[in-house]
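Chain residues, written in single-letter form:
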Amino acid sequence: MDQGVDWGDIPTWLSSIATVGALLFAALAALAAQRVYRIESERDRVNAEQRKEQEAYLRRTQAALVSAWWGHEAGAWGAFVRNASETPVYQASLTVLDVHDPDVHERVDLPVIPPAGEPMFRPTGLTDGGGAGADYRVEITFTDSAGARWIRDQQGRLSELRPEVVIWADERRARALRGFASEFLATHGVKVRFRTGRIEALRDDLLGGQEAPDILVGPHDWLGRLVRAGAVEPLVMSQRRREGFLPEAVAAMTHQGELYGVPYALDTAVLLRHTGLAPEQPATFEELLATGQALRAEGRADEVLAMQVGPDGDAYYMYPILVAAGGRLFDRNRGGVLDPSAVAVDAPETVAAFDRFRDLGARGTGVLRREIDRERATELFAAGRTPYLICASRVLADLARAGLPFAVGPVPPFEGFPAVRAFSSVHGFFLTRHGPNKTIAQDLAVHYLTRTEVALALYEAQPRPPALRLALEQVVDTDPRVAAFAAECRNGDLMPSVPEMPDVWRLLGRAEADLIAGADTAATVRQLAQGLRSALGARRSAPAPRAGV
């Protein structure tokens, strides 16, 4: 039998080889076509970028030839403006500013600035020529011949403006800001857009990195976390302008020597007292409890004291009671400032204070309960069913509008302990690092929202003591409640702003809720101390005198 190749299959083999060859050729052709497509696409992309860069260069070339400055002519002081380009610019607005005083300003609107070899002069009502400590600068915004909007700020820096500035804030503060922000931005031809919600959720969205506003409104204890995440950047503000604010407000917004926020209001936890039920401020916490218990026994009150707790606790309001009982969260450094690296919750006197706090819960007098949340605590006080409410400033406007007779005072200490120093917080405007319109946002925050009229409008929307000295002076002269509130804010300790503060609040709140429910004090404090030291990398606290903080 022939064991050789079956030559009758040769045509089949040849056909297969041809097919494979055709497929290889098609594949090579496809690869070549793909390579050509990539080359062409890249060339188109490069050409498009070059055209875009050329267009931007041409726009900037015209804008760079428009300038404004402060000066005098024929004995009058005012703003000079010059368009040295070959085409007109439109919708120009000149704003004369005092670098050191946001309340001194004047605006001049010009529908068109034609090309000219010499500058135009526009006199203003600011006639002292920068005397008496003033330092006047001129800021100009305008639209170029291509329709792009520009700003040359008071330092002479030129920036193209995006169509809107984005501010993230809670609804109440956004409502107060809308009118002023819109007025400011009308000058610059830029719209303002607000995103509102719970401020903690807005902060977390910023840290999540999905999008960034130009300005974020919030409390100073966020600062360490925001800076560590690279979410905010320092502000430019003159020393004299900083001196217009309370020093503790500026300190709160400062991190490692850099100012990261414009402060606008202070807050703290205080004792609100229904004067129809409790005419006098209690001198001690024992007196507070006795008054509330007597009113409840008489049927005139349902609760001895209202304080929001909720299922997870709320450590901001629990803290002054801990201090009232001789406890402390942190030790102080040599400068007398609370030191988050020195956890003191398991110091003997603080353990005793936690034990006294536990006695106010379910296994003791039942004064504090987890079922009392933010809304319920406020409702009880507003309805006159409790003589006392430990709360911050958020309720002041609503209580005043309701005509409730109430007074503001400090949370009193337990007998034998010094006056309580609660945590004070400072609210402000943070300029974000990745905001799309940072130049105009810096101007809005530093040179407009620092004006006295704006500070007073924010106060009217949410009565918190203003951080601006002039505004605070006006407020305390007209409202004794806010004057008392401001005194407590200034008497308190600034909340630390280390990045781990959210963990501190969470752990302390959890311990609060557990103690109120009747958990063992020693075990709860031991777990709290371990959690705090783990979060903060803190050292163990040394024993302190009974007087506490």
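Residues numbered from 1 in each chain as written. Predicted model: local features only at pLDDT ≥ 70, side-chain atom pairs only at ≥ 80, totals over all residues. Heavy atoms only, no water.

1. Description of the pairing of strand S18 (residues 338-343)
And step 1. Burial analysis of S18 places 5 of its 6 residues in the buried class, the great majority of the element.
And step 2. One ladder, built from 3 bridges, connects strand S17 (residues 330-332) with S18; its direction is antiparallel. The residue bridging Asp331 from the neighbouring strand is Asp339, located in S18.
And step 3. Connecting S17 to the antiparallel partner S18 that follows it, the hairpin turn spans 5 residues, and Gly336 within it adopts a positive phi of roughly 85°. (Buried < 20%, exposed > 50% of the residue type's maximum accessible area, 1.4 Å probe, protein only. Helix = DSSP H or I, 4+ residues; strand = E, 2+ residues; numbered from the N terminus. Pairing = 2+ DSSP bridges.)

2. A word on the packing of aromatic side chains
Aromatic ring pairs are described here by two measures, namely the spacing of the ring centres and the angle between the planes.
And step 1. Per the stated rule, a full pass over the model turns up 10 aromatic pairs.
And step 2. Seen from their ring centres, Phe285 and Phe414 are 4.7 Å apart, and the 25° between their planes marks the pair as stacked. Here the residue Phe285 occupies a position in helix H7 (residues 285-297), and Phe414 occupies one in the loop between strand S20 (406-409) and strand S21 (423-431), the gap between them amounting to 129 residues. As far as the burial class goes, Phe285 and Phe414 line up, both buried.
And step 3. Relative to Phe423, the ring of Tyr319 has its centre 3.9 Å away and its plane inclined at 10°; by these criteria the two rings are stacked. Highlighted residues: Tyr319 in helix H8 (residues 315-324) and Phe423 in strand S21, separated in sequence by 104 residues.
And step 4. According to the relative accessible area criterion, Phe423 is buried, its value standing at 2%.
And step 5. Taken together, the aromatic side chains of Tyr316, Tyr317, Tyr319, Phe423 and Trp505 make up a single cluster linked through ring pairs.
And step 6. Above the ring of Phe406, the side-chain terminus of Arg481 is found at 3.9 Å from the ring centroid. (Phe/Tyr/Trp six-rings, centres within 6.5 Å; stacked < 30°, edge-to-face > 60°. Lys NZ or Arg CZ within 6 Å of the ring centre and 35° of its normal.)

3. Examining the sheet that holds strand S5 (residues 120-123)
And step 1. The 3 strands are arranged S1-S2-S5 in an open sheet whose pairing can be described as antiparallel. The outermost strands of the open sheet, each flanked by one partner alone, are strand S1 (66-73) and S5. When strand polarity is set aside, the average angle formed by the axes of neighbouring strands in this sheet is 30°.
And step 2. When strand S2 (residues 76-83) meets S5, the two strands line up antiparallel, connected through 4 bridges. Considered in S5, the bridge of Ala79 is made with Arg122. (Axes fitted to C-alpha atoms, helices over the stretch in contact; angles between N-to-C directions.)

4. A few points about the packing of H8 against helix H16 (residues 501-517)
And step 1. In contact at an axis separation of 9 Å, H8 and H16 are set at 65° when each is read in the N-to-C sense. With respect to each other, H8 and H16 are oriented roughly perpendicular. Along this stretch, H8 crosses H16, giving a crossing that reads as left-handed. Contact residues: Ala315, Tyr316 and Met318 in H8; Trp505, Leu508, Gly509 and Glu512 in H16.
And step 2. Residues belonging to the contact of H8 with H16 are distributed by class as follows: 5 nonpolar, 1 polar and 1 charged. (Parallel < 35°, antiparallel > 145°, perpendicular 65-115°, else oblique. Left-handed = near helix turned anticlockwise from the far one by under 90°. Contact = heavy atoms within 4.5 Å. Nonpolar A, V, L, I, M, F, W, Y, C, P; charged D, E, K, R; others polar.)

5. Focus on H7
And step 1. With 13 residues, H7 should reach 18 Å at 1.5 Å per residue; the first-to-last C-alpha distance of 18 Å fits that figure.
And step 2. Tucked inside the fold, the buried residues of H7 contact strand S15 (270-274), H8 and strand S19 (388-391).
And step 3. Gly299 occupies a position one or two residues after H7 and carries a positive phi of about 85°. (Expected span 1.5 Å × (residues − 1).)

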